[in-house]
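Chains, contacts and geometry: an overview
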Amino acid sequence: MVASKKEWRFRYPLLVEQILRTGMMSTPIVLLFAGLVGIILVLQTAFQLAQFGRVEMVGALVGVSVTREMGPLMTAIIVSGRVGAAFTAELGTMKVNDEILAAETMAIDPIQFLVVPRYLALILVLPCLTTLSDISALVFALLTGSSLFDVPRLTFMGVAQDWIQTSDILVGALKSAVFGALIAHICCFEAFHLKGGASSVGAATMRAVVLSMVAVLAADAVFAYFTL
Amino acid sequence: MTSSQTEPVIQVLSLVKEYNGKRVLSDISFELYPRERVAIIGPSGGGKSTLLACMIGAAIPEEGEIQLLGETLRPRDRKAMDRLRLRFGVMFQGGALFSSMSIQENVALPIRRHSDLAEETIKILVAMKLNQVGLFAASDRSPEELSGGMIKRAALARAMALDPALLFIDEPSAGLDPIAVAEIDDLLLKQAETHDVAMVVVTHDMTSAYRIANRMIMLYKGRILFDGSPREIQECEDPVVQQFIHGRKDGPISFQESSLDFGKLLLEGE
Ligand SMILES: Nc1ncnc2c1ncn2[C@@H]1O[C@H](COP(=O)(O)OP(=O)(O)OP(=O)(O)O)[C@@H](O)[C@H]1O
Ligand SMILES: [Mg+2]
């Protein structure tokens, strides 16, 4: 179905708004989180690697574990707690305040108006956030390795480059998009099917966050199985 | 009203609505004609909100039929419903304004969604609508920055955005001080006159009902107990009607039937 011009005029700003909001809401926390994970990975492994005289391999270790697994997973977990919770809380409050009913009575489909922009935004934004978190983890790992364990920066980068595979990054982005869809779906669903007053918004938000984290982990397990 | 010449804007025919097997509305029938402003009144739990929900397609009745503006209401048929929704407005009790948008964006939303008008034209239209409710100066404020009275006025402007022929209003005076109530009543009357819009107002507030309405329907225990003009209701001798319109504590309308259960509970020690 081709959306008419007036529908685009209506939808496009909603999508842009959601992209900006989800992006801005999560970028700082994702960068911080990934940076810390990068530091921790180096601290945890460099010492052992040094015992074998292979301390420069931290670049490979951090690079591979972050791009393949940690990046997509931890970003999705953070986003469910940050953006997913905000989706349920916001839409749930709208439901309680009759705003969703109001949209319907103005012949504005609440799914088109409220859910689709959030869905698309998360599917588009989550892979970008994952890439950012990969970069942040690597940069902080590099700095930790070079300052505490005397790994030359160029060596770190060279090793990381040798080991990180483009396919890992692409699979990570694909996984992130799927995680984004799952989080958006669960968190919007919980809000739309909420019954009762303001107090039920909190309960629905908590349930949505827990469910989306579980769904993300389960989906990740499925991915792990099929990309063995 | 010359009912034989003009088409009714609302026709409710033998409406029955139940919640969990409990009859909340039974055998409700009435017609509303252009230029009529009906106040749906009655004690708490009488079914006013339920009747309103049925009329705007938010609740699905078990039996009976509703026609709005000559079309049969089919709540499950989204397309037919949406076509009809463009022709009536709803003003919700709490305003139900979108809190992430400014007042003017709220009013612009239905226009932007349902017309091909240029942005500049929409802007002018919205400014006119907001000016009519005295909110032009507050155009850029968000709903959170408004007082209760201003929220109701903004909700009125949004409900009138597509120039509906019919307006449903839920508890316009709830939560407002008497002056704000007088203001909103006055605005409703003005809208009714200048835009020729028929109104259904659900209210508890008799002062406000007398001010706005030229017809009164009283719901009691899910039935229509009275239907007539404001003057007729004052002359009506039914004790229930008398008790309600004069707000007397003693009379046939009991406070809460559940108080009986409380007595039973004490006696049985359960
Ligand atoms: N969603 C629902 N589920 C179950 N019962 C309901 C529901 N909504 C209303 N009822 C019941 O229907 C009856 C009529 O309720 P309604 O809200 O229509 O009354 P009302 O006249 O609007 O009262 P008030 O003046 O207090 O708003 C009440 O007994 C209420 O408990
Ligand atoms: Mg009510």
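All values reported here derive from a predicted model rather than from experimental measurement. (Residues numbered from 1 in each chain as written. Chains lettered and ligands numbered in written order. Predicted model: local features only at pLDDT ≥ 70, side-chain atom pairs only at ≥ 80, totals over all residues. Heavy atoms only, no water.)

With that out of the way, let us pick up the overall build of chain A. A count of helical and extended segments in chain A gives seven helices and zero strands. Looking at chain A as a whole, 48% of its 228 residues are labelled buried. The contacts of chain A with a sequence gap of at least 6 include a subset with a gap of at least 24, amounting to 85%. Total accessible area on chain A is roughly 11,100 Å²; 72% of this is exposed by carbon and sulfur atoms. Considering chain A, the positive charge centre built from 14 side chains and the negative charge centre built from 15 side chains are found 6 Å apart. (Helix = DSSP H or I, 4+ residues; strand = E, 2+ residues; numbered from the N terminus. Buried < 20%, exposed > 50% of the residue type's maximum accessible area, 1.4 Å probe, protein only. Contact = heavy atoms within 4.5 Å. Areas by Shrake-Rupley, 256 points an atom, 1.4 Å probe, with all protein chains shown as cover. Lys, Arg positive; Asp, Glu negative; His and termini not counted. Charge placed at Lys NZ, Arg CZ, Asp CG, Glu CD.)

Our next topic: helix H4 (residues 119-132) of chain B. The terminal C-alpha atoms of H4 of chain B lie 20 Å apart, and with 14 residues this matches the ideal 20 Å at 1.5 Å per residue to within 8%. Among the residues of H4 of chain B, those classed as buried are Ile 122, Val 126, Lys 129 and Leu 130 of chain B. Down the axis, H4 of chain B shows its buried residues gathered within 95 degrees of arc, on one side only. Away from its buried face, by an angle of more than 90 degrees, H4 of chain B presents the exposed residues Glu 120, Ile 124 and Asn 131 of chain B. Elements in contact with the buried residues of H4 of chain B: helix H1 (5-51) of chain A together with helix H3 (103-114) and helix H5 (148-159) of chain B. (Expected span 1.5 Å × (residues − 1). Arc of directions from axis to C-beta.)

All right, on to the layout of surface pockets then. Put simply, the largest pocket is a space of about 630 Å³. If you trace the largest pocket, you find 24 residues lining it, with Lys 95, Asp 98, Leu 101 and Glu 104 of chain A together with Ala 58 of chain B closest to the centre. In terms of residue class, the lining of the largest pocket is made up of 14 nonpolar, five polar and five charged. (1 Å grid on protein atoms, 1.4 Å probe; cavity = no way out; pocket = protein on both sides within 12 Å on 5 of 7 lines; lining within 4 Å. Points joined across faces, edges and corners; volume = space filled by probe spheres on them. Nonpolar A, V, L, I, M, F, W, Y, C, P; charged D, E, K, R; others polar.)

Residues and elements named next belong to chain A. Across the interface, helix H4 (residues 110-148) lies against helix H6 (residues 166-192) with an axial gap of 8 Å and an inter-helix angle of 150 degrees. It follows that H4 is roughly antiparallel to H6 by the angle criterion. As for how H4 packs across H6, the hand of that crossing is right-handed. In this structure, H4 uses Pro 110, Ile 111, Leu 114, Val 115, Arg 118, Tyr 119, Leu 122, Ile 123, Leu 126, Pro 127 and Thr 130 to contact H6, whose residues at the interface are Ala 173, Ser 176, Ala 177, Phe 179, Gly 180, Ala 181, Ile 183, Ala 184, His 185, Cys 188 and Phe 192. A class-by-class count of the residues in the contact of H4 with H6 yields 17 nonpolar, four polar and one charged. (Axes fitted to C-alpha atoms, helices over the stretch in contact; angles between N-to-C directions. Parallel < 35°, antiparallel > 145°, perpendicular 65-115°, else oblique. Left-handed = near helix turned anticlockwise from the far one by under 90°.)

Attention now goes to the confidence of the model for chain B. The share of residues in chain B with pLDDT of 70 or more is 93%, and the mean pLDDT across the chain is 91. Both scores are available for the predicted complex, with the pTM at 0.88 and the ipTM at 0.89. (pLDDT = per-residue confidence, 0-100.)

So, about the site of ligand 1. Residue and element names in this part refer to chain B. Near ligand 1, the surroundings consist of Tyr 19, Lys 22, Val 24, Pro 43, Ser 44, Gly 45, Gly 46, Gly 47, Lys 48, Ser 49, Thr 50 and His 204. Residue Ser 44 places a side-chain N or O atom 2.5 Å away from an oxygen atom belonging to ligand 1. Expressed as a share of its isolated accessible area of 630 Å², the protein-covered part of ligand 1 is 62%. At the level of secondary structure, the elements contributing two or more residues to the shell around ligand 1 comprise strand E2 (22-32) and helix H1 (48-55). For the shell around ligand 1, the element with the highest residue contribution is H1, accounting for three residues. Across the shell around ligand 1, the residue classes tally to three nonpolar, seven polar and two charged. (Near = heavy atom within 4 Å. Polar contact = N/O pair within 3.5 Å; in protein donor to acceptor, adjacent residues only side chain to side chain.)

On to the side chain of Gln 191 of chain B, then. With respect to the helices and strands, Gln 191 of chain B occurs in helix H6 (residues 178-195). Gln 191 of chain B has contacts with Gln 132, Val 133, Leu 156, Met 160, Asp 196, Val 197 and Met 199 of chain B, leaving out every residue within four places of it along the chain.

Now for the sheet that holds strand E6 (residues 88-91) of chain B. Residues and elements named next belong to chain B. Across the sheet, which stays open at both edges, the six strands sit in the order E6-E7-E8-E3-E9-E10 with mixed pairing between neighbours. Two strands lie at the open edges of the sheet, namely E6 and strand E10 (223-228), each paired on one side alone. Averaged over all pairs of adjacent strands, the angle between strand axes in this sheet comes to 15 degrees, irrespective of strand direction. Looking at chain direction, E6 and strand E7 (residues 166-170) are connected through four bridges and run parallel. Considered in E7, the bridge of Gly 89 is made with Leu 167. (Pairing = 2+ DSSP bridges.)

This part covers the environment of Gly 57 of chain B. All names here are of chain B. Tracing the backbone through its elements, the reader meets Gly 57 in the loop between H1 and strand E4 (63-68). Taking the relative accessible area as the measure of exposure, Gly 57 reaches 13% and is therefore buried. In this structure the C-alpha to C-alpha distance between Gly 57 and Leu 73, which are 16 residues apart in sequence, comes to 7.1 Å.

The subject of this paragraph is the sheet that holds strand E1 (residues 10-19) of chain B. Residues and elements named next belong to chain B. Strand order in the open sheet formed by four strands is E2-E1-E4-E5, with antiparallel pairing between adjacent strands. Of all the strands in the sheet, the pair left with one neighbour each is E2 and strand E5 (71-72). Bridge count for E1 against E2 is seven bridges, and the pairing is antiparallel. For Glu 18, the partnering residue across the bridge sits in E2 and is Arg 23.

The next subject is the nonpolar core. All names here are of chain B. Residues Ile 10, Leu 51, Met 55, Leu 68, Leu 166, Phe 168 and Val 200 are the most contacted members of the largest nonpolar core, which totals 35 residues. The dominant element in this core, judged by the number of residues it contributes, is H1, at five residues. Excluding anything up to four places from it in sequence, Ile 10 contacts Phe 30, Glu 31, Leu 32, Met 55, Gln 67, Leu 68, Leu 166, Phe 168 and Val 200. Val 133, Ala 161, Ile 169 and Ala 180 belong to the second largest nonpolar core, which has 34 residues in total. (Core = buried A, V, L, I, M, F, W, Y, C linked by side-chain atoms within 4.5 Å.)

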